[in-house]
Amino acid sequence: MASESQQLMQAIDVYNKGTKAWFEDDQHGWVSGTLLSKEVTETSVKMTFQDDDDDSKQHEFESTLAQLQKTNGGNLPPLRNPPKMENTDDLTNLSYLNEPSVLNTIRTRYQQRNIYTYSGIVLIAANPFDRVPLYEADIIQQYSGRRRGELEPHLFAIAEDAYRCMIREKTNQTIVVSGESGAGKTVSAKYIMRYFATADDDESGKKRDTSSGMTEVEEQILATNPIMEAFGNAKTTRNDNSSRFGKYIEIQFDQRANIVGAKIRTYLLERSRLIFQPETERNYHIFYQLCSGAPLTERKELELKDWTKFHYLNQSGTGVVPNVDDAEEFDLTQRSLSLVGISVQTQWQIFRLLAALLHIGNIEIGGRNDATLSETEPSLVTVTKLLGINPSEFRKWLVRKQIITRSEKIVSNLNPTQATVVRDSVAKYIYASLFDWLVNVVNESLSCHEEGRVATFIGVLDIYGFEHFKKNSFEQFCINYANEKLQQQFNQHVFKLEQEEYVREQIDWKFIDFSDNQKCIEMIEAKLGILSLLDEESRLPSGSDQGFCDKLYANFATPAYKNYFKKPRFSNAAFTVVHYAHDVQYEAEGFIDKNKDTVPDELLNLLQNADSTFLVEMLRSATASAAAQVVDTPKKLNAAKKPTLGSIFKLSLINLMETIGQTNVHYIRCIKPNEAKVAWVFEPNMVLAQLRACGVLETIRISCAGYPSRWTFEDFADRYYALVNSKYWDPNTNPDIHNLCTVILDTYIQDPDKYQVGLTKIFFRAGQLAYMEKLRSDRWNECTILLQKNMRRFIVRLRYLRMKDIAIRLQQIARKKMGVRKLELLRQEKAAIKIQTAWRRYIARKRYLQQKMFTVQLQAVVRGHLARRQFGHFKKNFAATQIQRLIRGWMARKLYHARRDHIIAVQSHVRRRQAQKKLIAMRADARSASHFQEVSYKLESKVVELTQSLTQQKSEKEELRNKASQLETEVKTWMEKYEKLNNKAKELQTALEASSTLQVELQTVQKERDQLQKSYQTSLDKIKKQEDDYIKLSDELSKHKEEITSLRNGQQQQPPQRSMSRSGSGTRSEDRADVMELKNQIAVLKAQLAQSLKVQPKRQQSVNAFSRNLSPAREQRRAMSPESPIPRGRSPTGASVPFRRNSLADSGKSKRDPVGSNRVIYAEPDQMRPMSIDHFNKLRGTEAETNPEEAIHRLLNEDEGFLEEEILEGLIRSLKIIPPNPQNPPLKPEVMFPAHIIGLSVTQMWRYGYLAESERLIFTVMDTIQKYCLSFTGEETIVPCAYWLSNAHELLSLVCSTEQELEREMHYNAMNGRRAVGWHDFEKLVALVKYELQCLEDNIYHHWLTELKKKLSKMAVPAVIENQSLPGFIANDTGRFFGKILSGSSQPAFSMDDLLNFMNQIYRALKCYFAAPFVIEQVLTELLKLIGITTFNDLVMRRNFNSWKRAMQIQYNITRLEEWCKTHEVADATVQLEHLTQAAKLLQLKKSTLEDVKIIYDVCWMLAPTQVQKLIQNYIVADYEASIFFHYYFPTDPISNDILGAVASRVDSGDTNDILLLDNVSLDDSPYEVPEPHTVTANTYLPAFVSLEKIQGWVYLHALLRMALLKKFLCHCSSI
């Protein structure tokens, strides 16, 4: 007694002032109150609480200690959890686990838009009645592979848990989805099946192929949802899409956990809905879909009308569901039926039956006593036509019945009511059979028929919840019976798990008593139970509903059933069953008819012998299936007895429970938060009733009966370590966690029955944690007061020291100012004296200077006057002298000019007379032909001499060049000999130091070296002399050119002179002919001279050669013929090219077969030097040097295969790639030489007409390059893919440049009358090559980015989110005080340095291999986009992770990434990290008031409201944030529920842009924009290590051709 009293007082002590507790309320279920006062006496307890919502309202609790002791404190007000715990995602984590706390937690989470909450093994799902972004494909992938508890509660987590259990334990699983109508069971089951069909699985190796989508089986499984909903769902008052049947879907998996099939079992289809619907409800969806969506032709054939014209559809007055288009749903149903294998013809047979059912309802039966029906009744005629039955027979047995006795058959008439029941029973029978047939067809299509392939299955049970209406009938009885069975299984499962937990932890425990509803189940299904009595009454010819009730009253009136069966006080036609959730009164009216649910044998035979083969086959299949189900049951039934609906349901339910019992069960309880189906409205009383009905509260009660609170040693120590001395938990001493927990328990809990210590956990009785929380709160209050005392002392002392310091500083300043003032006065006095001295000196000096200046000015005036007077006399004398001189000179010059003019005039007249005489004589001589001949002969001889001298000078010049080259060769040889001898001399000198015997030899060598030096000097002198001679010859040649030019000009000037002769001298015709002949001869000579000096231009020759080689007359063997055009759309592998990335698609099969070794071979730096001249010496002196064009033709004709193999092997497969080294970057020719050599080969083939050969070569090269790049995976792709991506673009640019050059040459030839034959074929080939090169770039880029993304997707989250590289802000994963001790030294798989090094490798490869800046930006932007989206989505979905310190670490990592982007010229790409940046800012901002929320939305403008809500909701407030120090510097309080509710209110479900997760970056698709080709000239650079004979020869021949063209060009320029 003493211990019990002590425990009671301990429980009462928990209630201190300010403690919050719960009180029952009629409107809100439970309301919260705060303790104001507590009075405890020796016999009683009285507590007063103030209502938290209404300050004017108070709650009183008063009880005696004796009453409290009887209940062990159970009637004390339930305590309320602290605010931090009220938003927990698992109800079992609540400190105070009671009914109001459970309700409040679910309500709090629902108001924050969190519809899922765990309750141990159960997932509670509250229907939001609104669109929520929780079921997208990205969310599915987030939950795939995650353990339960890592992310927020979700039905995907339950599905993933079941999937993992199936894989690891190799056992079948079941997910039970239950709840009342409108709670969201069907939608939940639909999303669970979608999860299994679309989720990836890294553990079992199953990876969803996004390109091919889902498999056919998975698509068929998802297609069953629209079918089952159309034929089995209807609108009810509680739900617009209510399932009117139960279903159990087995999703079958093989050994590799791939879906291979499915199987559906259905339970208790609501047949009565077909013939009657209450107000505001609808019939099954398929009828309205058929009326709205059937085409016009079929509508006429089936005589379909609007739904208001059919009796089975218009009884409720409701035929439209808001926001649902029945026509679109009809199309979806048709597509789903086709997907599961039902042909279109069969579908319209189904719709034909459905139309017949609608017309059956329109059959009007008349009469008063006896039913009457006309044979011409329109609906009757339509029904018999659609069903293919005899109208008269059908009419007959609708209004009559036949009773068969042993001796005769008695036929009697039915009254109208009975006939209507028969009519409706036919319709129900046909529809039920159609529904069963449809399920069988779907099962036949979905089931895996390969024996032994199905290894395991996951079953999804979507079954109706507990129902309790104003009027409950047979359907509600069966539904509640099924829920009784499921509740029993649930209780047993929970009890089993509870006991297994105790056994596993090896603690002492006693049997836990829980409410067992086995007695109620036995009352329903026992041998003399309710169902048996119902079947017995149904088989009696005179059986009635009242007789059934009387049997129930008589059979269950015993005391044994008084707690489970009750007779209503005011009704004799009803009975009450005490179910686990509620007492339900059932009206017996209709029980017998619904249980029988039979059709007269005559009508049944009529239907089974109908003309419609589909109807007959459907009925036969459905009947056989029902019979097989009954025969398979363990209980043998009499063959003469027809199975009733109740017995069938009972047997199917027993089979279901056996199936569930053999599987591992997972539970989802769907909750309907309000009756009006309004979005985000929570009705507490309604939810509380459902929690009781679904067994959640029973689970809590079972847990509370034992040890409801379980804490691991680490969690318990981290929570309550402060209750004991620090010597037990000092981290520096590496404390023992078990010992610390033992000390805490022994110190504060004296009764050992209040807790049990297991292997990994500590178990507490109910109420113990409340006591521990009180002790912890008191301890923290003491610590807080101590801290406040010391902090206040520290602050006051700090203020005193600061004031003292300020006073001293003020004194110093004042004294300083006084000293400065005194010093200033002294300086002013001294300055005044100095100013007076200077001023007096200035006045005296000024007076002296004025007197001096007056005297000097007076002297100057006097002296000036005297000088001016003397100068005037001198000026007059000088002027007179000048005038005399000028007059005398003018007179002498005038006389001289007169005499000279007279003499010149006389001379001019004499000379003119003599010239006129001479001109007459010269005109006579000019008319003679001999004169012209002499001039021509002189000019011709002069031209011949100049031509001979020019030829001689050219030959001498060529000889001088040859001699110069020989001398250069000799000089090089002498230099090499000199170097050898010099080296040898050095060696000998070294040897001479060791031995004196080599002195003589050394002197000899030195003499030879001196001689070589002399000879070398002599050679240099000769070379200089020859150069001087060459310069002289060049000057002479220039002079000759000038002479020729002058002669040319002279001859051009003579014809005008001749034309100036007058015709008055005589006109002789023979002289004119001679003149014309001489003109022609001069023109011929001028042409010969020009031809000898002129050189044919380069462009002319190349175009001529191209045109000639394309001519079919001369190169018919090589050119493209019309009979064999270039095939269009060929890829490098030879397949057609309908799309981009053609080559990748064709070579995807050979992706696993690498072209060569899948390891990059790197070249050493010294190997990249150009090929030495020794490589070309082998070809010198051969025919190739004298005739390179012929050598090229021979190489292409004879050695084409060898050349192609050398290119493929030497330049692609076995190529040594120069490594990307930023310290010593490679030159562009060292990187691009493969593209230039390949391009050179192809373009030369084009120039010489080898188009077909060039096509084969370039496509083979592209195919080899692609296979080579695709043979690398992961990080190995960086170097080869970057290298060949640049080379592929360089090759594309080279092809484009060559095309432009050849096009210019073609136009030049066309202007000169030479048309290029085959140019159209060449254009088609070049266009195809350019397209394929772009495809090659696209494929290399696509494969490279795919591999980089796969690698980066594994690095992004550990490096950016989990890595903590900012010192001083390290956050423990668990958030515990003992984080370092408990969590170990686990580090992320990748650090930020690893990520940046990876990005550096990519950037270095692109930069060193001269990738276009546009390509670099594309690659890095795509990778940063992957990092930004992947990390943001991961951060949003994390729970128990996001904290202020984590945000600091993430922000630091983002800053490092942004700095990297800025230093690598991709600063604009940082916009891809904006979502993550704003998320990190959000976690760092204050979240205490509504103003803070507004600031968050302003700062984080890019985040959607749903994302903001999720981040704030997942934010965990660490202990340091609530501490005094942190609050002083960073004023952050724990996030209140008001703030969370305000954030949730901003979420708009109608906004399509309000999404939770960003669209994931596809790993298999990377868009690529090919850069514009640039102008490039082919380069013949070839590294020294490329020792390939054919390629070297090809390069040498090309070099010879270029040298020859260059020489011609220079000669042409020099001649001009």
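Nothing here was measured: the structure is a model prediction, and the numbers come from that model.

**Q** Describe the overall build of the protein, and please don't skip the residues or the numbers.
**A** Scanning the protein from terminus to terminus reveals 53 helices and 23 strands. Taking all 1616 residues of the protein together, 46% fall into the buried category. For the protein, restricting intrachain contacts to residue pairs at least 6 apart in sequence, the fraction spanning at least 24 positions comes to 73%. On the protein, roughly 84,300 Å² of surface is accessible, and the fraction owed to carbon and sulfur atoms is 52%.

**Q** Go over the packing of aromatic side chains, please, and point to the residues and values.
**A** Under the defined criterion, the tally for this structure stands at 46 aromatic pairs. Seen in terms of ring centroids, Tyr143 and Phe156 are 6.3 Å apart; in terms of plane orientation they differ by 70°. Their pairing is edge-to-face. Of the two residues, Tyr143 is situated in helix α4 (residues 137-143) and Phe156 in helix α5 (residues 155-169); the sequence distance between them amounts to 13 residues. Both residues of the pair, Tyr143 and Phe156, belong to the buried class. Plain terms: the ring middles of Trp1246 and Phe1322 are 5.4 Å apart, the flat faces sit at 80° to each other, and that makes the pair edge-to-face. Taken together, the residues span a long stretch of sequence, with Trp1246 in helix α39 (residues 1228-1247) and Phe1322 in helix α42 (residues 1319-1362) at a distance of 76 residues.

**Q** Please give an account of the packing of helix α14 (residues 391-399) against helix α21 (residues 601-608) that cites residues and values.
**A** Here α14 crosses α21 at 160°, and the two axes come no closer than 9 Å. The orientation of α14 with respect to α21, classified from their angle, is roughly antiparallel. The two elements α14 and α21 cross, and the hand of that crossing is left-handed. Taking contact as the criterion, the partners of Glu393, Phe394, Trp397 and Leu398 in α14 are, on α21, Glu602, Leu603 and Leu606. In terms of residue class, the contact of α14 with α21 is built from five nonpolar, no polar and two charged.

**Q** I'd like a description of the sheet that holds strand β2 (residues 29-40), backed by residues and values.
**A** Strand order in the open sheet formed by four strands is β1-β2-β3-β4, and the pairing between neighbours is antiparallel. A strand with exactly one partner marks an edge of an open sheet, and here the two such strands are β1 (20-25) and β4 (58-64). Across this sheet, the average inter-strand angle for adjacent strands is 40°, counted without regard to direction. Of the strand pairs in this sheet, β1 and β2 are connected by six bridges, and their pairing is antiparallel. Residue pairing for β2: Ala21 is matched across the bridge by Gly33.

**Q** So what about the pattern of salt bridges? Which residues, and what values?
**A** Taken as a whole and judged by the stated rule, the model has 46 salt bridges. With a shortest N-O distance of 3.4 Å, Arg147 and Glu150 are connected by a salt bridge. Owing to a relative accessible area of 29%, Glu150 belongs among the partly exposed residues under this scheme. Taking the shortest distance from any N to any O, the salt bridge between Glu1205 and Arg1213 comes out at 3.6 Å. Taking relative accessible area as the criterion, Glu1205 reaches 42% and is therefore assigned partly exposed.

**Q** I'd like to hear about the packing of helix α26 (residues 713-720) against helix α27 (residues 737-748), residue by residue, with values.
**A** Helix-helix packing: each pair is described by the crossing angle between the helix axes and the interaxial distance. Orientation of α26 relative to α27, taken along the N-to-C sense of each, is 55°, at an axis distance of 9 Å. Accordingly, the angle class assigned to the pair α26 and α27 is oblique. Relative to α27, the crossing made by α26 is left-handed. Every residue of α27 that contacts α26 at Phe713, Glu714, Phe716, Ala717 and Tyr720 is listed here: Ile737, His738, Leu740, Cys741, Ile744 and Leu745. Its residues assigned to classes, the contact of α26 with α27 shows nine nonpolar, one polar and one charged.

**Q** How would you sum up the pairing of strand β12 (residues 400-404)? Please name residues and give values.
**A** The pairing of β12 with strand β13 (residues 409-413) spans five bridges and is classified as antiparallel. Counted as the bridge partner of Gln402 is Val411 from β13. Two successive antiparallel strands, β12 and β13, enclose a turn made up of four residues.

**Q** Go over the sheet that holds strand β18 (residues 664-671), please, and point to the residues and values.
**A** Read from one edge to the other, the open sheet built from seven strands follows the order β5-β6-β18-β7-β14-β10-β11, with strand pairing classed as mixed. Taken across any chain shown, the strands that pair with only one partner, and hence form the sheet edges, are β5 (116-119) and β11 (259-267). Neighbouring strand axes in the sheet, compared pairwise and without regard to direction, differ in orientation by 20° on average. The strands touched by helix α23 (residues 645-661) are β7 (173-178), β10 (246-253), β11, β14 (456-462) and β18; relative to β11, the strand with the most contacts, the crossing angle is about 140°.

**Q** Give me the lowdown on a negative patch on the surface, citing residues and values where you can.
**A** Taken together, the side chains of Asp325, Glu328, Glu329 and Asp331 make up a negatively charged region of the molecular surface. Overall, the relative accessible area of 31% leaves Glu329 in the partly exposed class.

**Q** Describe helix α25 (residues 696-705), naming the residues involved and giving the relevant values.
**A** Every α-helix winds through 3.6 residues per turn, so residues three or four apart in the chain are directed the same way. Where burial is concerned, most of α25 is hidden: seven out of the ten residues are buried. Residues of α25 that are buried: Val696, Leu697, Glu698, Thr699, Ile700, Ile702 and Ser703.

**Q** Outline the nonpolar core, supporting the account with residue identities and numerical values.
**A** In terms of nonpolar packing, the biggest core is built from 270 residues, with Phe196, Phe231, Leu354 and Trp1344 touching the most fellow members. Residue contributions to this core peak at 20 residues, all from α42. Excluding residues that lie within four positions of it along the chain, Trp1344 makes contacts with Thr1277, Ile1278, Cys1281, Ala1282, Leu1285, Ile1402, Leu1406 and Val1419. Listed in part, the 49 residues of the second largest apolar core include Leu461, Met523, Phe565 and Ala588.

**Q** Describe the state of the cysteines, and please don't skip the residues or the numbers.
**A** Tallied over the full model, the rule gives zero disulfides. Summary of cysteine pairing: Cys694 is not part of a disulfide, and the nearest cysteine sulfur, belonging to Cys670, is at 9.6 Å.

**Q** Tell me about the side chain of Asn483, residues and numbers included.
**A** With respect to the element layout, Asn483 can be found in helix α16 (residues 474-505). Accessibility expressed as a relative area gives 6% for Asn483, which makes it buried. Setting aside residues up to four positions removed in sequence, Asn483 forms contacts with Tyr464, Gly465, Phe466 and Tyr580.

**Q** Describe helix α49 (residues 1505-1513), with residues and values.
**A** Within α49, eight of the nine residues are buried, which leaves the element mostly enclosed by the surrounding structure. Looking only at α49, the buried set comprises Thr1506, Gln1507, Val1508, Gln1509, Lys1510, Leu1511, Ile1512 and Gln1513.

**Q** Can you break down unusual backbone geometry residue by residue, with the values?
**A** Phi is positive for Leu268, close to 50°, though the residue is something other than glycine. Tracing the backbone shows Leu268 in the loop between β11 and α8 (285-293).

**Q** Give a description of the pairing of strand β16 (residues 574-578) that names residues and reports values.
**A** With five of five residues buried, β16 lies mostly within the body of the structure. On β16, burial covers both faces: Ala574, Thr576 and Val578 on one face and Phe575 and Val577 on the other are all buried. Sheet topology places strand β15 (residues 565-566) next to β16; two bridges connect them, and they run antiparallel. Across the sheet, Phe565 pairs through a bridge with Val577, a residue of β16. The pairing of β16 with strand β17 (residues 583-587) spans five bridges and is antiparallel.

**Q** Lay out the side chain of Ser243 with the relevant residues and their values.
**A** With respect to the helices and strands, Ser243 occurs in strand β9 (residues 242-243). Exposure remark for Ser243: the relative accessible area of 13% places this residue in the buried category. Within the structure, the side chain of Ser243 is placed 2.5 Å from the side chain of Thr186, a separation counted as a polar contact. Not counting chain neighbours up to four residues away, the residues in contact with Ser243 comprise Thr186, Gly232, Asn233 and Asp462.

**Q** How would you summarise the environment of Leu1240 if you had to cite specific residues and measurements?
**A** With respect to the helices, strands and loops of the structure, Leu1240 is situated in helix α39. Note on Leu1240: relative accessible area 1%, which makes it buried. Sequence-wise, Leu1240 and Thr1298 are 58 residues apart; in three dimensions their C-alpha atoms are separated by 9.5 Å.

**Q** Outline a nonpolar patch on the surface, listing residues and values.
**A** Nonpolar side chains collect at one region of the surface, where Phe854, Leu858, Val862 and Leu866 lie side by side and expose about 410 Å² of accessible area between them. In this structure, Leu866 sits in helix α28 (residues 768-926). Residue Leu866 is classed as partly exposed on the basis of its relative accessible area, which comes to 46%.

The rules behind each value
Residues numbered from 1 in each chain as written. Predicted model: local features only at pLDDT ≥ 70, side-chain atom pairs only at ≥ 80, totals over all residues. Heavy atoms only, no water. Helix = DSSP H or I, 4+ residues; strand = E, 2+ residues; numbered from the N terminus. Buried < 20%, exposed > 50% of the residue type's maximum accessible area, 1.4 Å probe, protein only. Contact = heavy atoms within 4.5 Å. Areas by Shrake-Rupley, 256 points an atom, 1.4 Å probe, with all protein chains shown as cover. Phe/Tyr/Trp six-rings, centres within 6.5 Å; stacked < 30°, edge-to-face > 60°. Axes fitted to C-alpha atoms, helices over the stretch in contact; angles between N-to-C directions. Parallel < 35°, antiparallel > 145°, perpendicular 65-115°, else oblique. Left-handed = near helix turned anticlockwise from the far one by under 90°. Nonpolar A, V, L, I, M, F, W, Y, C, P; charged D, E, K, R; others polar. Pairing = 2+ DSSP bridges. Salt bridge = Lys/Arg side-chain N within 4 Å of Asp/Glu carboxyl O. Patch = residues over 30% accessible without salt bridge, like charges linked within 9 Å, V, L, I, M, F, W, Y side chains within 5 Å. Lys, Arg positive; Asp, Glu negative; His and termini not counted. Charge placed at Lys NZ, Arg CZ, Asp CG, Glu CD. Core = buried A, V, L, I, M, F, W, Y, C linked by side-chain atoms within 4.5 Å. Disulfide = S-S within 2.5 Å. Polar contact = N/O pair within 3.5 Å; in protein donor to acceptor, adjacent residues only side chain to side chain.

That's the geometry; what it means functionally is another story.
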